[in-house]
Amino acid sequence: MIVDEGPLADVVRELRLVDHHVHGAATADLDAAAFEDGLTESPWPAAPGTSHLDSQVGFAVRRWCAPVLELPPHVDLPAYLARRHELGTAEVTRRFLTASGIGRFLVETGYLPDQVLGPAQMAAVVGGETAEVVRLETVAEEVAAARPDAGRFADAFATALAERARTAVGLKSVIAYRHGLDVDPARPTPLEVRRAAGRWLKAGGRLTDPVLLRHLLWAGVEHGLPLQFHVGYGDPDLTLHRCDPSLLTPFIRAVQVPVMLLHCYPYHRTAAYLAGAFPHVYLDVGLAMNYTGARSRAVLAETLEVAPFGKVLFSSDALGPPELHHLGAVLWRRAVTDVLGGWVADGDWSAADAVRVAEMIGSGNATRVYRL
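In short, a report on the structure. (Residues numbered from 1 in each chain as written. Predicted model: local features only at pLDDT ≥ 70, side-chain atom pairs only at ≥ 80, totals over all residues. Heavy atoms only, no water.)

With that settled, the discussion passes to the pattern of salt bridges. Tallied over the entire structure, the rule returns 23 salt bridges. Measuring nitrogen to oxygen at the nearest pair gives 3.3 Å for the salt bridge that ties Arg 199 to Asp 209. Taken together, the residues Arg 199 in helix α10 (residues 190-203) and Asp 209 in the loop between α10 and α11 (210-221) connect sequence positions 10 residues apart. Residue Asp 209 is classed as buried on the basis of its relative accessible area, which comes to 15%. By sharing partners, the salt bridges in this structure join Glu 70, Arg 83, Glu 86, Glu 91, Arg 94 and Arg 95 into a single network. (Salt bridge = Lys/Arg side-chain N within 4 Å of Asp/Glu carboxyl O. Helix = DSSP H or I, 4+ residues; strand = E, 2+ residues; numbered from the N terminus. Buried < 20%, exposed > 50% of the residue type's maximum accessible area, 1.4 Å probe, protein only.)

All right, on to the environment of Pro 322 then. Position of Pro 322 among the secondary structure elements: in the loop between α15 (296-303) and α16 (323-345). Residue Pro 322 is classed as buried on the basis of its relative accessible area of 2%. Ignoring sequence-local partners within four residues, the contact set of Pro 322 consists of Ala 25, Arg 84, Val 92, Thr 93 and Phe 96. (Contact = heavy atoms within 4.5 Å.)

Taken residue by residue, helix α3 (residues 56-65) has Val 57, Gly 58, Ala 60, Val 61 and Cys 65 as its buried positions. For α3, the angular spread of buried residues about the axis comes to 165°, placing them on one side. Its buried side turned inward, α3 meets α2 (32-37), α4 (77-87), α5 (89-99), α14 (286-292) and α16. (Arc of directions from axis to C-beta.)

Relative to each other, helix α13 (residues 268-277) and α15 sit at 30°, their axes nearing to 8 Å. In terms of axis orientation, α13 runs roughly parallel to α15. Where α13 crosses over α15, the handedness of that crossing is right-handed. For the pair α13 and α15, the contacting residues are His 268, Arg 269 and Ala 272 in the first and Val 299, Glu 302 and Thr 303 in the second. Looking at the contact of α13 with α15 residue by residue, the class counts come to two nonpolar, two polar and two charged. (Axes fitted to C-alpha atoms, helices over the stretch in contact; angles between N-to-C directions. Parallel < 35°, antiparallel > 145°, perpendicular 65-115°, else oblique. Left-handed = near helix turned anticlockwise from the far one by under 90°. Nonpolar A, V, L, I, M, F, W, Y, C, P; charged D, E, K, R; others polar.)

Okay, here's the thing in structure tokens:
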């Protein structure tokens, strides 16, 4: 049963969320294939005779996004796609970003920047506020494209990162994809960095060298900004068991900057433990909320079993189809209202505490940690 009575529901419904980790909405028109590709973490077509949209996220889009396009809930996919095409990309994006009720987007700009809206464009669409989160690996690869000498790579990266970090509110690492979180936590020596840079610059390609990935983390730590890590669920470019956040424990012990554990499913309970154990660890279940759809309430409830409430943040991790920006907010609002409201109804929580925690998770914690 969804709890929708009382002050909690009213507050959650009207709350202007801070999405502390999100990507831009797609700029191109999405045909049926591209739309389906945007709603899966798999890089491959669905198995013969199946569809990626026969999934929790696919059903949730048809339920909760269709009304924004003035369609009935659960409308069939051909009618949904026809309506999207009729309205056009700009109008579809405007409707979903506006309907999300997200007041501030912290946009991670390091992935597919030529295919999605940037922070300023996102702000223009919704008339809200945005800020940038800088991906460390992307900055390093941009530096490498200029073919610096191996001995100058560290200085060139430091200069480039300092310029990007100057106006950013946070930094992000995808070391989970490039190597895994089971990395030596120690800061590499200048000699180790120079040798690793020499190998990478000679071979080319994307950055996967564990020595350089560690160097990027420590260079990021120097700026004192919140440092985001992809954790757990993602596309099959990662190896899931190497994305368990407990593997980061030695690194967490070694630093003092805010460590932001993103998405976390199916390790959200582990991430919640780390947030409780260490004063500078925070988490969200952003990506998991969208992809678990009707089960997203269970994921949130499990996250709140042991995580301190001042350590949990809202995120959609939306990328591409703007339905994901809206859906992340809808599912979060429903989950918070149901889970916290259920505890109020059972007499375990007061209504005032439920409202306060909803506001903390929805906006307050991000505002504090990112110094917005």
